Amino acid sequence: MASLQGYVDHRVLLILQDGRAIVGVMAGYDQKSNVVLSDSKERVYSTEEGVEEIPLGLYLVKGDQIVLIGELDEEAEKTVDLSAIRAEPLPAIRY
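As recorded in an unreviewed UniProt entry, the chain goes by LSM2-LSM8 complex subunit LSM8 and comes from Cristinia sonorae. The UniProt entry for the chain carries the following comment under Function (unreviewed entry): "Plays role in pre-mRNA splicing as component of the U4/U6-U5 tri-snRNP complex that is involved in spliceosome assembly, and as component of the precatalytic spliceosome (spliceosome B complex). The heptameric LSM2-8 complex binds specifically to the 3'-terminal U-tract of U6 snRNA." The UniProt entry for the chain carries the following comment under Sequence similarities (unreviewed entry): "Belongs to the snRNP Sm proteins family."

A.B. asks: Explain the nonpolar core to me, please; I cannot follow it from the model alone.
C.D. replies: Grouped burial of nonpolar side chains is what soluble globular proteins tend to show. One finds Leu4, Val8, Val12, Leu14, Leu16, Ile22, Met26, Val35, Leu37, Val61, Ile66 and Ile69 forming the largest nonpolar core, which totals 12 residues. Mapped onto this core, the elements with two or more residues apiece are β1 (11-16), β2 (21-29), β3 (35-44) and β5 (66-71). In terms of residues, this core owes the most to one element, β1, which gives three residues. Counting residues in each nonpolar core, the second largest holds five residues, with Leu13, Ala21, Val23 and Leu72 among its members.

Analysis parameters
Residues numbered from 1 in each chain as written. Predicted model: local features only at pLDDT ≥ 70, side-chain atom pairs only at ≥ 80, totals over all residues. Heavy atoms only, no water. UniProt positions renumbered as here; feature names shortened; annotations may be inferred. Core = buried A, V, L, I, M, F, W, Y, C linked by side-chain atoms within 4.5 Å. Buried < 20%, exposed > 50% of the residue type's maximum accessible area, 1.4 Å probe, protein only. Helix = DSSP H or I, 4+ residues; strand = E, 2+ residues; numbered from the N terminus.

Dropping the structure here:
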């Protein structure tokens, strides 16, 4: 992965190989791209209910499980009603 330094202390979204979406503040990372998130939540998507956010707190994600890291626009996040979003959960990646 390219340098993650620019994401430290910013709110990010991680998409993992098993399809999970984790949102949190990047507290740090290491040379293996393992990432530590603070104040993290898993977003669970459903076609029948709104997005459920499960609090995880301080969370370590192994670098080899991360598919995507993106910075979230906190102002835009405040305007989104997650309970109104309906979506298929992401499938796990198969090799």
